[in-house]
Amino acid sequence: NRNHDFIRKFKLTSSDTHDDPLYYDGLQYFDRNEYQKSADAFAAVKAPDELVTEAQFYRGIALVYVDPDAAEQDIINTMNTSSDPEQVAAARYMLAQIYYLKGRGPEAMQLLDGCSEGYCRQLRAEIFIQSGYFERAMADVAGLDTPQAHLIRPSAYYNMREYAKAEKELALVKAAK
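Let me sum up the structure you'll find in this document. (Residues numbered from 1 in each chain as written. Predicted model: local features only at pLDDT ≥ 70, side-chain atom pairs only at ≥ 80, totals over all residues. Heavy atoms only, no water.)

1. Comments concerning the nonpolar core
- Membership of the largest hydrophobic core comes to 49 residues, with the highest contact counts inside it found for Y23, I75, Y93, L112, L123 and I127.
- Residue contributions to this core peak at nine residues, all from helix 6 (residues 85-101).
- Excluding its chain neighbours within four sequence positions, the residues that come into contact with I127 are Y100, G105, A108, M109 and L112. (Core = buried A, V, L, I, M, F, W, Y, C linked by side-chain atoms within 4.5 Å. Buried < 20%, exposed > 50% of the residue type's maximum accessible area, 1.4 Å probe, protein only. Helix = DSSP H or I, 4+ residues; strand = E, 2+ residues; numbered from the N terminus. Contact = heavy atoms within 4.5 Å.)

This is the structure we're talking about:
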């Protein structure tokens, strides 16, 4: 699951996570892909404030799968209330994904501004491709050796009518499988 793998990259810290078992219930439900139960457990976390903010963030992630509009609001709230820079960065990326999926590319790009991580570069490249800026998409995935980057490049090459380069990139994808 792409979002779950993404979240595991961050080292979100809280000294208070042991205070509310509902927080752990939410994590367990999320691990089992029971997103509505996960969201409900996170919504029930009431104290301490730091844990409520963290639970709200994870509730937003869980809601992406069942109610993207509600997820959007939770993620925005996390961006506005969290004191954890890693959590804010993750929230910005998640919100950018939601906006991209809703066809709100310019707003997604604003959220990705200043992020040089590979996952941000790949999402920007996807938005550039969708908008017809193929050279800019190529620049964003330059040097990235990820399966997603290897799929973005042939798409950009194809749209730039550089078919031989597109075929060469697709061969790398096939070889990796």
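2. A look at the environment of G103
- Along the chain, G103 turns up in the loop between helix 6 and helix 7 (105-112).
- Residue G103 is classed as exposed on the basis of its relative accessible area, which comes to 55%.

3. Topic: the packing of helix 5 (residues 68-81) against helix 6
- Running from amino to carboxyl end, helix 5 crosses helix 6 at an angle of 150°, the nearest separation of the two axes being 9 Å. Compared by their axis directions, helix 5 and helix 6 come out roughly antiparallel. In this structure, helix 5 meets helix 6 at a crossing whose hand is left-handed. Residues P68, A71, E72, I75, I76, T78 and M79 of helix 5 lie in contact with helix 6, whose contacting residues are Q87, V88, A91, R92, M94, L95, I98 and Y99. (Axes fitted to C-alpha atoms, helices over the stretch in contact; angles between N-to-C directions. Parallel < 35°, antiparallel > 145°, perpendicular 65-115°, else oblique. Left-handed = near helix turned anticlockwise from the far one by under 90°.)

4. Quick notes on the packing of helix 7 against helix 8 (residues 118-131)
- Contact pair helix 7 / helix 8: the axes reach a minimum separation of 10 Å and the direction vectors enclose 155°. Taken as axis vectors, helix 7 and helix 8 run roughly antiparallel relative to one another. Regarding helix 7 and helix 8, the two cross each other, and that crossing is left-handed. From helix 7, G105, A108, M109 and L112 reach across to helix 8, where they touch C120, L123, R124, I127 and F128.

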